[in-house]
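Breakdown of the fold
Spelled out, the chains give:
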Amino acid sequence: MSEKIKGFAALTKGATLTPFTYDPPTLKENELRIDISLCGICGSDIHAIDDDYSVFDFPFIPGHEVVGVISEVGSGIPASRIGERVGVGWQARACGHCEWCLKGEVQLCLDVGNNGTWTPYGGFSTSIVVQDEFAYPLPEDLPSEHAAVLLCAGLTVFTALSRYYSPAA
Ligand SMILES: [Zn+2]
Ligand SMILES: [Zn+2]
């Protein structure tokens with residue numbers, strides 16, 4: 001892929017979003033490229049644009065309630081997944097070797113600066129690249145605009161649900 005990715009970025013802290021293009025990231029073995037059809041907006045996007053968390057680089061493209069279609073796969077992923085509709089939330093990757101990743105709790109990965117969907121740029125774009133395990137296949141009967149808003153709220157309550165809900169108990 002050589003065409004530039006188009007997005008809307010805050011060029012500096014607190015700036016109004018403006019058209020911005022960048023070179024497409026090269027896919028690693030376990031990564032997917034997703035052509036974005038829809039992206040929700042969350043309060044955290046506004047905090048990020050305003051740099052309230054002090055962890056973002058500018059220019060910054062927000063967007064972490066992403067729905068799209070897999071358009072390219074890394075060498076470790078079957079090409080048959082191209083065309084699949086998926087959703088992506090706040091997290092796009094995990095380091096795989098910190099104490100939480102090794103426990104299988106990748107949502108707590110300590111590599112916070114690098115594992116967000118905004119790295120290098122977020123979902124207010126024509127496409128993003130994410131690790132396979134953070135692209136969730138969506139049920140056919142779930143409309144994209146409904147799925148998108150679940151991808152942040154759902155992630156927010158994931159730990160509580162996984163810890164306290166056990167169908168076998
Ligand atoms: Zn980790
Ligand atoms: Zn959010």
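Up top is the structure these notes are about.
Residues numbered from 1 in each chain as written. Chains lettered and ligands numbered in written order. Predicted model: local features only at pLDDT ≥ 70, side-chain atom pairs only at ≥ 80, totals over all residues. Heavy atoms only, no water.

**Concerning the overall build of the chain**
Of regular secondary structure, the chain possesses five helices and seven strands. Ordered by position from N to C terminus, the α and β elements of the chain give β-β-β-α-β-β-α-α-β-β-α-α. Taken over C-alpha atoms, the radius of gyration comes to 16 Å for the chain, in line with the 15 Å a tight globule of 169 residues would show. Principal axes of the C-alpha set define a box for the chain whose edges measure 50 × 40 × 35 Å. Scored against the burial criterion, the 169 residues of the chain give a buried share of 41%. For the chain, restricting intrachain contacts to residue pairs at least 6 apart in sequence, the fraction spanning at least 24 positions comes to 69%. (Helix = DSSP H or I, 4+ residues; strand = E, 2+ residues; numbered from the N terminus. Rg over C-alpha atoms; globule rule 2.2 N^0.38 Å. Buried < 20%, exposed > 50% of the residue type's maximum accessible area, 1.4 Å probe, protein only. Contact = heavy atoms within 4.5 Å.)

**Here's the deal with the environment of Ala10**
Looking at where Ala10 falls in the secondary structure, it is placed in the loop between β1 (5–9) and β2 (18–22). Sequence-wise, Ala10 and Ala48 are 38 residues apart; in three dimensions their C-alpha atoms are separated by 9.6 Å. In this structure, Ala10 is in contact with Ala15, Thr16, Leu17, Ile49, Phe58, Pro59 and Phe60, ignoring residues within four places of it in sequence.

**As for the coordination of the zinc ion (ligand 1)**
Distances from the zinc ion (ligand 1) to its protein donors, Cys95 (SG), Cys98 (SG), Cys101 (SG) and Cys109 (SG), fall within 2.3 to 2.4 Å. For the zinc ion (ligand 1), the four donor atoms in the first shell make angles of 105 to 117° at the metal, so the coordination geometry reads as tetrahedral. Motif for the zinc ion (ligand 1), donor spacing along one chain: C-x2-C-x2-C-x7-C. Taking relative accessible area as the criterion, Cys101 reaches 10% and is therefore assigned buried. (Donors = N, O, S within 2.8 Å, 3.2 Å for Na, K, Ca; no water. Tetrahedral: all angles 85-135°; square planar, octahedral: opposite > 155°, others 65-115°.)

**Quick look at the pairing of strand β5 (residues 85–88)**
As a general feature of sheets, a regular strand has side chains that alternate between the two faces. In this structure, strand β4 (residues 66–73) lies alongside β5, joined through four bridges in antiparallel fashion. Counterpart to Val69 in the pairing with β5 is Arg85. (Pairing = 2+ DSSP bridges.)

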